[in-house]
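A structural walkthrough
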Amino acid sequence: MSKFISPLKIFSGAGVLSEVIGEIQYYHASKVMIYADPGIIQVGIVKRLENILKENEIAYDLFSEVVPEPPLIIANKAVDTLRKCDADLVIGIGGGSSLDIAKTAAVLSQHEGKVEDYLNLTGTKKLLHKGLPKILIPTTSGTGAEVTDIAVFSLETTKDVITDPLLLADTAIVDPELTYSLPPRITAATGVDALTHAIEAYTSVNASPLTDTLALDAIERIAQNIRTAVWHGTNIEARTELSLGSLHAGLSFYNAGVAGVHALAYPLGGLFKIPHGESNAVLLPYIFDYIWPSCVEKMKRVAKALGVYSSNMTDREAAIATVQGLYHMVQDVGIPTSLKEFGIKESDINQLTEDAFKQTRLLGRSPKPYGINDIRTIYERSLRGELQLGR
């Protein structure tokens, strides 16, 4: 048996931002709270939304204190702000952090307690109802946060999440036009993040035929367009394909789950504040260098989707070519391919290993089990930039 869950409505395609008014009217909202980060406010993306609201005489407030990899203090402030506001609908617009803050505030503003009370690893409270209606509008092609029920927060040395179907958006609006102004590094990091979602979902022990179909489509779209989108950001076709690939990857990984890449990436964000997409990207080839023997047939299909397969390859050779292809893609879009390039040292490995080993929710979805020494070895190889490639 398998099940598949998604937001009630998904709008995708160039110009669909205009659909936001119909959705606000559908929920009979008289005032909106917008969550956005300063970066997208500065480049004018939020102004486009504000203009639509003003033209239709929709009142709104704006919370603009969202930061990348948001800590609990920001999350709790966002929740408290909404509790004191008379808004009856929430809009999150921006990258994954803005969307995570928005969905959390929409739900927790109608509950008691703080964000930390509901965290996966340490929280003791349970969500009881969905709170305010929420519309999520991504401005990157990567996080998939608009179609998932996960909100990620930074702790002192690692990350934790709130995950519950009640956090799922009522409406997701995925407009590739909002990604046109993204700089190369953010395009690269979020694009590889989306690729990671797709590949981890495809190889997850919880994968299903539907998530596999979405994941393979996402891998192919992203692989064919990410380099162009990064280095020629005005290419509308590449931006559009990357946006759709990210959406499909998000729907796939929300239902099948992600695994080892994310488990080992969380401590990198927590300890060293490495952006989530770059944390995933630098680890991606090393994780699959470890797990490929457990999913050779699927790795062969990934090789085809990545465009690194040839008909004379054995399944084993195709799996290894996939690992090499992932490494080269990360390299080609300008993301470091070793932890050393992020300033991480050998002395940091033990702490990283201990924190990653606690991510049992994620590690449990891997087709190949992880012992604590396996995790340490992967960190050591990624520190040195050494792939095994079947040796």
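What you see is a predicted model; the values in this text were computed from it and never measured.

Side note on the nonpolar core
In summary, soluble globular proteins display a tendency toward joint burial of nonpolar side chains. By size, the foremost hydrophobic cluster in this structure holds 70 residues, and its most contacted members are Leu195, Leu264, Leu283, Ile287, Phe288 and Tyr379. Among the elements that make up this core, the one with the highest residue count is helix H10 (residues 276–291) (nine residues). The contacts of tyrosine 379, once residues within four sequence positions are left out, are Leu264, Pro267, Leu283, Leu339, Ile349, Leu352, Thr353 and Ala356. With 32 residues, the next largest nonpolar core counts Leu82, Val90, Leu99 and Ile162 among its residues.

Brief notes about the sheet that holds strand S4 (residues 89–94)
If you walk across this open sheet you meet the six strands as S1-S8-S5-S4-S2-S3, and the pairing is parallel. Every interior strand has two partners, whereas the edge strands, strand S1 (9–12) and strand S3 (59–63), have only one. On average, each strand axis in the sheet is inclined to that of its neighbour by 15°, with strand direction left out of account. For strand S2 (residues 31–35) and S4, the ladder comprises four bridges, and the chain directions are parallel. If you follow valine 32 over to S4, its bridge partner there is leucine 89. Here helix H5 (residues 96–108) sits on the sheet in contact with S2, S4 and strand S5 (134–138), set at roughly 170° to S4.

Conventions we followed
Residues numbered from 1 in each chain as written. Predicted model: local features only at pLDDT ≥ 70, side-chain atom pairs only at ≥ 80, totals over all residues. Heavy atoms only, no water. Core = buried A, V, L, I, M, F, W, Y, C linked by side-chain atoms within 4.5 Å. Buried < 20%, exposed > 50% of the residue type's maximum accessible area, 1.4 Å probe, protein only. Helix = DSSP H or I, 4+ residues; strand = E, 2+ residues; numbered from the N terminus. Contact = heavy atoms within 4.5 Å. Pairing = 2+ DSSP bridges. Axes fitted to C-alpha atoms, helices over the stretch in contact; angles between N-to-C directions.

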